[in-house]
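Notes for the structure review
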Amino acid sequence: GAVVSQHPSRVICKSGTSVKIECRSLDFQATTMFWYRQFPKQSLMLMATSNEGSKATYEQGVEKDKFLINHASLTLSTLTVTSAHPEDSSFYICSARGAYGYTFGSGTRLTVV
Amino acid sequence: AQSVAQPEDQVNVAEGNPLTVKCTYSVSGNPYLFWYVQYPNRGLQFLLKYITGDNLVKGSYGFEAEFNKSQTSFHLKKPSALVSDSALYFCAVGPMNTGFQKLVFGTGTRLLVSP
């Protein structure tokens with residue numbers, strides 16, 4: 001079956017630094033990848049959609065300069081939270097769309113101190 | 001615009017009893033409908049989906065869902081709940097007429113199965 005690997009699972013960083021989260025489709029090619037943010041006890045908020053080799057499409061209200069998304073290959077997408085602040089602390093989840101449908105990563109708990 | 005509603009924040013059921021988690025949707029055209037389950041600090045696990053065909057869809061872990069077009073509903077059901085089913089459940093809709101086919105999620109329903 002389709003597997004998506006997301007790393008790291010947890011990261012703590014200092015305010016002002018940048019953090020990169022990786023999302024890899026291990027056994028399939030992902031035509032499209034999605035990045036979500038989930039607040040405690042809330043639903044998933046779609047941040048952006050990316051296709052391999054093209055610029056990501058950001059949802060309204062998401063700062064593209066702060067949340068940099070790179071989709072360099074059909075199996076890898078990265079989300080970089082730049083100049084992180086405590087309010088960026090959240091649970092980030094990626095999803096890859098391939099022939100099997102939508103497969104989700106296990107999420108990354110980001111804590112900015 | 002497409003939307004999904006999960007009217008219950010939490011559903012409580014005793015182990016062994018049947019469970020239902022409700023979902024209604026609004027979308028233009030024919031929808032893709034999904035159910036996912038999330039355990040604490042984990043990503044989403046796929047349970048089942050409806051695209052076309054039989055209105056009753058069977059999925060993982062004994063779950064099933066019934067697509068009702070007239071009521072625009074896609075309720076998740078299981079005949080006999082287990083304590084291990086306790087988790088957060090999300091209904092999602094993926095309209096067929098968007099280029100990237102992004103999923104729109106409901107707000108989630110927490111299922112608590114008591115021993």
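Only a predicted model underlies this, so the values are computations on that prediction, with no experimental measurement involved.

It is worth spelling out the state of the cysteines at this point. The final tally for this structure, using the stated rule, is two disulfides over all chains. The side chain of Cys23 of chain A participates in a disulfide bridge whose partner is Cys94 of chain A; the two sulfur atoms lie 2.0 Å from each other. Since a negative S-S torsion denotes a left-handed disulfide, the Cys23 of chain A-Cys94 of chain A link at about 80° is right-handed. Here Cys23 of chain A, found in strand 3 (residues 19–25), pairs with Cys94 of chain A, found in strand 9 (residues 90–98); they are 71 residues apart in sequence, far enough to count as distant. Across this residue pair, the class does not change: Cys23 of chain A and Cys94 of chain A are buried. The disulfide that involves Cys23 of chain B links it to Cys91 of chain B, with 2.0 Å between the sulfurs. Its S-S torsion of approximately -60° makes the covalent link between Cys23 of chain B and Cys91 of chain B left-handed. Of the two residues, Cys23 of chain B sits in the loop between strand 3 (19–21) and strand 4 (24–26) while Cys91 of chain B sits in strand 10 (residues 87–95), which places them 68 residues apart along the sequence. For Cys23 of chain B, a relative accessible area of 0% corresponds to the buried category. A residue is classified by how much of its surface remains accessible, and Cys91 of chain B, at 0% relative accessible area, is buried. With no disulfide partner, Cys13 of chain A has as its closest neighbouring cysteine sulfur the one in Cys94 of chain A, 18 Å distant. The class of Cys13 of chain A is buried, set by a relative accessible area of 8%.

About the cut-offs
Residues numbered from 1 in each chain as written. Chains lettered and ligands numbered in written order. Predicted model: local features only at pLDDT ≥ 70, side-chain atom pairs only at ≥ 80, totals over all residues. Heavy atoms only, no water. Disulfide = S-S within 2.5 Å. Helix = DSSP H or I, 4+ residues; strand = E, 2+ residues; numbered from the N terminus. Buried < 20%, exposed > 50% of the residue type's maximum accessible area, 1.4 Å probe, protein only.

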